[in-house]
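Below, each chain spelled out in residue letters.
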Amino acid sequence: MDTIVSVTGGKIRGNTENAVSTFLGIPYAAAPVGPARFELPRPVPEWDGVRDALTYGATCVQSQYPAPIHALIGSDGLPGDEYLNLNVWTPEVGGSGLPVMVWIHGGAFTRGSNARTMYDGSTFARDGVVVVSINYRLGISGFAAVPGAPLNRGLHDQIFALRWVRDNIAAFGGDPDNVTVFGESAGGMSVVDLLTAAPARGLFRRAIVQSGNGSAVAAADDAVKIAENLARTMGIEPTVAAFGELGPDRLRTAQDAVALELITNPDPNRWGRTIIDNGLGLLSFFPVIDGELIEDRPVDVLDRSTGHAVPLLIGWTAEEFRFFTFPTGIAATLTDETLGPVLSRYGVDPAVVQVYAEQRPQATPADLFAAVITDVVFRDDSMRIAAANAAADEPTYVYEFGWRSGVPDLGACHVLEIPFVFDKLSEAHPLTGPNPPQPLADEIHRAWIGFATNGDPGWAPFGTERQVRMFDFPSSATVPDPHAAELLALRESGSRLRRG
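Quantities reported herein were computed from a predicted structural model and do not represent experimental measurements. (Residues numbered from 1 in each chain as written. Predicted model: local features only at pLDDT ≥ 70, side-chain atom pairs only at ≥ 80, totals over all residues. Heavy atoms only, no water.)

(A) A look at the overall build of the chain. Summing up its helical and strand segments, the chain has 19 helices and 13 strands in all. The C-alpha radius of gyration of the chain comes to 22 Å, within 12% of the 23 Å expected for a compact globule of 500 residues. Judged by the C-alpha coordinates and their principal axes, the chain covers about 65 × 55 × 45 Å. Looking at the chain residue by residue over its 500 residues, the buried ones come to 61%. Nonlocal contacts in the chain, meaning residues at least 24 apart in sequence, comprise 76% of its contacts between residues at least 6 apart. Summed over all atoms, the accessible surface of the chain reaches about 18000 Å², with 51% contributed by carbon and sulfur. If you average the places of the 37 positive and of the 59 negative side-chain charges in the chain, the two averages end up 2 Å apart. (Helix = DSSP H or I, 4+ residues; strand = E, 2+ residues; numbered from the N terminus. Rg over C-alpha atoms; globule rule 2.2 N^0.38 Å. Buried < 20%, exposed > 50% of the residue type's maximum accessible area, 1.4 Å probe, protein only. Contact = heavy atoms within 4.5 Å. Areas by Shrake-Rupley, 256 points an atom, 1.4 Å probe, with all protein chains shown as cover. Lys, Arg positive; Asp, Glu negative; His and termini not counted. Charge placed at Lys NZ, Arg CZ, Asp CG, Glu CD.)

This is the structure:
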């Protein structure tokens, strides 16, 4: 059944089926093409009549993931200019007061979109929540420090989308004063950035950070180095006008070339120290300390100031880095002899491996590498952010997702919790294996709804005992400060890679 709603820009037509109304590809800002690709987002032009919102919208220019990752989670890429768009799922158009969740996708700030079936918000709408999923500018378009262009355009897009939610969500039955922003990986990092960004203040009530950190920001001077290197490689001037003339194919090729160079030649003299340290060589175009949205590394801002705290749910998967270690073939290169030098490249004192090995007597060098770097990139910052938020007297809940995939070698890897959160296990069998446990999805999905509705996911808050919910199957448990010895050893060794 067709359902029509009026929003900023005009009227849109969605589809209602099984008591859920779906609106896809709604533009929340003007199409950022040509020089406008490197400007701040602008209001969407009004349209005449009723615009169909029945299919997913375009995505920012990007390449497919490398084959091993593509096989697990697929890739994104729908052509078109109007890629600043969002989707809405609601159980009650014309209703009022429903909790709202706004999803920010991951993809290392260079890939991803809101068009993944795994991010389908109909399961949340089925259970009484209005869900919005947004696209934002990625890669060169969103984060390249092009001289003369505003920095962090992708984050400005996210804030612009949150303003659209504030102004329009009541038309879908949502409560603009009960918005929870949530995201995973680069999306989780974005949520942490938004916590400290002054222009985002008041646009959401609660936050959920899945597999993020508060350290993935670059110094502006280092980000400019990448843009200037990029311009030289492409034979153009490092100006907004020159970059604005680049078409999608050239942008895509340039993004891929920079990412490859960073991996093969992670020279801080070429790229800048914060690009290598804070991006780990995995991120090429990502948020920049600009003095406006980002004044410093967000984890440090949250450490020293209580003014940014909100009710927070934050966590990680127990074996995040297996996602980047085993499918890619890195695991095969790790031996007792190579492990130390590889960890040193990541800024880690190899001596900490002994503490991890004592807890994992059967672990291979690849297992140990993945465990250590999981803590460096995800667990350490998440625990620091949780501690700072709890110290500010805001409700704080922490989780670890520990269920291991049925796909060999993946373990409890990065991305694995998403289909459980969205209760979309049927869309994720290449990642989960053929028999993921539905009761665990029921538990996690219910927890996210509880937090978004009333601030309580159903387990003890972090508090002084540092309580963490350990999600697993056949049973989950809440325990105090898991893996404390390993994290302490990492910190005391001076290994913490992005410590300021």
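(B) The arrangement of the pattern of salt bridges in detail. Scanning the model with the defined rule gives 25 salt bridges in all. Note that Asp375 is salt-bridged to Arg379, the shortest N-O span being 2.4 Å. With a gap of 4 residues between them, Asp375 and Arg379 both fall in helix 15 (residues 365–391), about one helical turn apart. Look at Arg379 and you get buried, because its relative accessible area is 3%. Salt bridges sharing partners connect three or more residues here, namely Arg297, Asp300, Asp303 and Arg384. (Salt bridge = Lys/Arg side-chain N within 4 Å of Asp/Glu carboxyl O.)

(C) Spatial organisation of helix 5 (residues 186–196). Counting buried residues in helix 5 gives 11 out of 11 residues, a clear majority hidden from the surface. Where helix 5 is buried, its residues contact strand 6 (98–104), helix 4 (153–168), strand 8 (174–184), strand 9 (206–210), helix 11 (298–304) and helix 15.

(D) Expanded view of the packing of helix 4 against helix 5. In the contact formed by helix 4 and helix 5, the axes pass within 11 Å of each other and the chain directions differ by 75°. Here helix 4 is positioned roughly perpendicular relative to helix 5, judged by the angle of their axes. For the pair helix 4 and helix 5, the contacting residues are Leu155, Gln158, Ile159 and Leu162 in the first and Ser190, Asp193 and Leu194 in the second. Residues of the contact of helix 4 with helix 5, tallied by class, amount to 4 nonpolar, 2 polar and 1 charged. (Axes fitted to C-alpha atoms, helices over the stretch in contact; angles between N-to-C directions. Parallel < 35°, antiparallel > 145°, perpendicular 65-115°, else oblique. Nonpolar A, V, L, I, M, F, W, Y, C, P; charged D, E, K, R; others polar.)

(E) Region of the structure containing helix 8 (residues 248–264). Under the 1.5 Å per step criterion, the end-to-end length of helix 8 is 25 Å for 17 residues, consistent within 8% with the ideal 24 Å. The complete set of buried residues in helix 8 reads Leu251, Ala254, Gln255, Val258 and Leu262. All buried residues of helix 8 fall inside an arc of 100° around its axis, so they share one side. Exposed and oriented more than 90 degrees from the buried face of helix 8 are Asp249, Thr253, Leu260, Ile263 and Thr264. If you follow the buried residues of helix 8, they end up packed against helix 3 (139–143), helix 6 (220–234), helix 9 (268–271), helix 10 (273–279) and helix 13 (336–345). (Expected span 1.5 Å × (residues − 1). Arc of directions from axis to C-beta.)

(F) A look at the packing of aromatic side chains. Evaluation of the coordinates by the stated rule reveals 24 aromatic pairs. Measuring from centroid to centroid gives 6.0 Å for Tyr119 and Phe422, while their planes differ by 40°, and the two rings are tilted. Taken together, the positions of Tyr119 in the loop between strand 6 and helix 2 (122–126) and Phe422 in the loop between helix 16 (418–421) and helix 17 (429–432) put the pair 303 residues apart, joining distant regions of the chain. Looking at Tyr119, the relative accessible area reads 6%, which means it is buried. (Phe/Tyr/Trp six-rings, centres within 6.5 Å; stacked < 30°, edge-to-face > 60°.)

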